Amino acid sequence: MGEMVLRTEKGGYARNDVLAKVDAYNTLILAIDEMRLSDAAVNAELEKIRNMPLNKAKGFIFAGSGFSVEDTDNYIKELEETIMHKIML
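About the criteria used
- Every residue gets a number counted from 1 within its own chain, in the order that chain's sequence is written.
- At least 70 in pLDDT is required for a residue's local features to be given in this predicted model, at least 80 for side-chain atom pairs to be given and counted, and no such filter applies to totals for whole chains, interfaces and linings, which use all residues.
- With hydrogens and water set aside, each side-chain value is computed from the structure's full complement of heavy atoms.
- In these notes, a set of buried Ala, Val, Leu, Ile, Met, Phe, Trp, Tyr and Cys residues joined through side-chain atoms within 4.5 Å is what counts as a nonpolar core.
- Think of it in three bands: with a 1.4 Å probe and only protein chains considered, a residue is buried below 20% of the maximum accessible area for its type, exposed above 50%, and partly exposed in between.
- Helix numbering and strand numbering both begin at the N terminus, where a helix is a DSSP run of H or I of at least 4 residues and a strand a DSSP run of E of at least 2.
- One fewer than the residue count of a helix, multiplied by 1.5 Å, yields its expected span.
- Between two residues, a contact is recorded if the distance between any of their heavy atoms is within 4.5 Å.

Asker: Tell me about the nonpolar core, residues and numbers included.
Answerer: By size, the foremost hydrophobic cluster in this structure holds 18 residues, and its most contacted members are Val 18, Tyr 25, Leu 28, Leu 79 and Ile 83. At the level of secondary structure, the elements contributing two or more residues to this core comprise helix 1 (15-33), helix 2 (39-50) and helix 3 (69-88). Ranked by residue count, the leading element in this core is helix 1, at seven residues.

Structure follows, in structure tokens:
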């Protein structure tokens, strides 16, 4: 998987939410690679990550600037596909 660049846009996802969710996905991928989790644990962790919120960035009056919704959604889809590929092996 190549390195993803997330653009910034008004009304995008809050940076902290995106970074927390992406970090959780990457931590899960590392745990799968190191075979530290059972299938049940992987599925439970994946469900927990999927339920992590991605709120829109807030500004004072108008929408704040955050990570691009499209870029973030595509990146998360890639992370999910990576996990699915790894657990199918």
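Asker: Residue-level account of helix 1, with values.
Answerer: Here helix 1 spans 27 Å end to end across 19 residues, near enough to the 27 Å set by a 1.5 Å rise per residue. Regarding helix 1, the residues found buried are Asp 17, Val 18, Lys 21, Val 22, Ala 24, Tyr 25, Leu 28, Ile 29, Ala 31 and Ile 32. The elements touched by buried residues of helix 1 are helix 2, strand 2 (65-67) and helix 3. Where helix 1 ends, the next residue or the one after it, Met 35, has phi of about 55 degrees, a positive value.

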